[in-house]
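Take a look at the letters that make up each chain.
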Amino acid sequence: MFGEHFYPLPQILAQEGYVVLLPNYRGSTGYGNAFRNANMREWGHADALDVIAGARWLRAQGYVDPDRIAVVGPSYGGYLTLCALTLAPELFCAGVDLYGDSELVDAYRHEDREARMDLARHMGTPEGNPEGYRRGSPLYRAERVQAPLLILHGKDDMLVAPLMSEKMVTALKIENKYVEAHFY
């Protein structure tokens with residue numbers, strides 16, 4: 001269940017001939033409370049593993065070129081893009097992170113009240129769940145990224161602080177990874 005709003009990117013990509021998979025990863029809605037709560041205190045794991053499982057499934061399909069699978073997402077999907085690229089770098093030829101978090105403690109400290117409350121509701125506080133916050137932060141696995149990565153972020157984004165993308169760009173450049181970033 002993707003939502004009750006129009007999001008044109010999947011339709012645009014499909015119209016251009018791309019195979020598009022929108023996984024309903026653990027932690028999202030549409031399959032009851034147990035499914036919705038399956039990544040509580042563990043962002044970036046069960047949910048990211050569902051994205052990775054989707055990429056592995058795509059690789060097994062005869063109509064998909066297994067060497068041309070990219071991962072793309074906005075906001076939490078951008079965060080999962082970074083998680084997937086660091087947890088299973090061999091699966092993806094490219095990634096596009098559209099304004100996703102990269103380091104959860106800084107997200108908790110620098111994002112708007114609504115985002116902080118959502119993060120605390122799902123992950124607890126950084127002091128109460130330091131291991132989960134670190135494990136769920138793809139910034140600390142930047143050296144694992146293999147695919148070229150495009151990062152796009154709005155300079156005035158109050159929900160996901162631009163600092164999230166800035167920190168990821170810096171970490172990837174330190175690791176000599178291919179990253180292109182644009183801040184609007």
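Residues numbered from 1 in each chain as written. Predicted model: local features only at pLDDT ≥ 70, side-chain atom pairs only at ≥ 80, totals over all residues. Heavy atoms only, no water.

Caption draft 1: Fine view of the packing of aromatic side chains. In this structure the tally under the stated criterion is six aromatic pairs. Ring geometry for Tyr76 versus Tyr79: centroids 5.2 Å apart, planes at 55°, classification tilted. Residue Tyr76 and its partner Tyr79 are both found in helix α4 (residues 76–87); the two are separated by three residues, about one turn of the helix. You can call Tyr79 buried: its relative accessible area is 1%. By the ring-pair criterion, three or more aromatic residues cluster together here, those being Tyr25, Trp43, Tyr76 and Tyr79. (Phe/Tyr/Trp six-rings, centres within 6.5 Å; stacked < 30°, edge-to-face > 60°. Helix = DSSP H or I, 4+ residues; strand = E, 2+ residues; numbered from the N terminus. Buried < 20%, exposed > 50% of the residue type's maximum accessible area, 1.4 Å probe, protein only.)

Caption draft 2: The arrangement of the packing of helix α3 (residues 46–59) against α4 in detail. Closest axis-to-axis distance for the α3/α4 pair is 9 Å, and the angle between their directions is 70°. With respect to each other, α3 and α4 are oriented roughly perpendicular. Within the contact between the two elements, α3 uses Asp47, Ala48, Val51 and Ile52 and α4 uses Tyr76, Leu80, Cys83, Ala84 and Leu87. In the contact of α3 with α4, the residues fall into eight nonpolar, no polar and one charged. (Axes fitted to C-alpha atoms, helices over the stretch in contact; angles between N-to-C directions. Parallel < 35°, antiparallel > 145°, perpendicular 65-115°, else oblique. Contact = heavy atoms within 4.5 Å. Nonpolar A, V, L, I, M, F, W, Y, C, P; charged D, E, K, R; others polar.)

Caption draft 3: Highlighting a nonpolar patch on the surface. A contiguous nonpolar surface patch, about 420 Å² in accessible area, is contributed by Val19, Leu21, Trp57 and Tyr63. Looking at where Val19 falls in the secondary structure, it is placed in the loop between α1 (9–15) and α2 (33–36). (Patch = residues over 30% accessible without salt bridge, like charges linked within 9 Å, V, L, I, M, F, W, Y side chains within 5 Å. Areas by Shrake-Rupley, 256 points an atom, 1.4 Å probe, with all protein chains shown as cover. Salt bridge = Lys/Arg side-chain N within 4 Å of Asp/Glu carboxyl O.)

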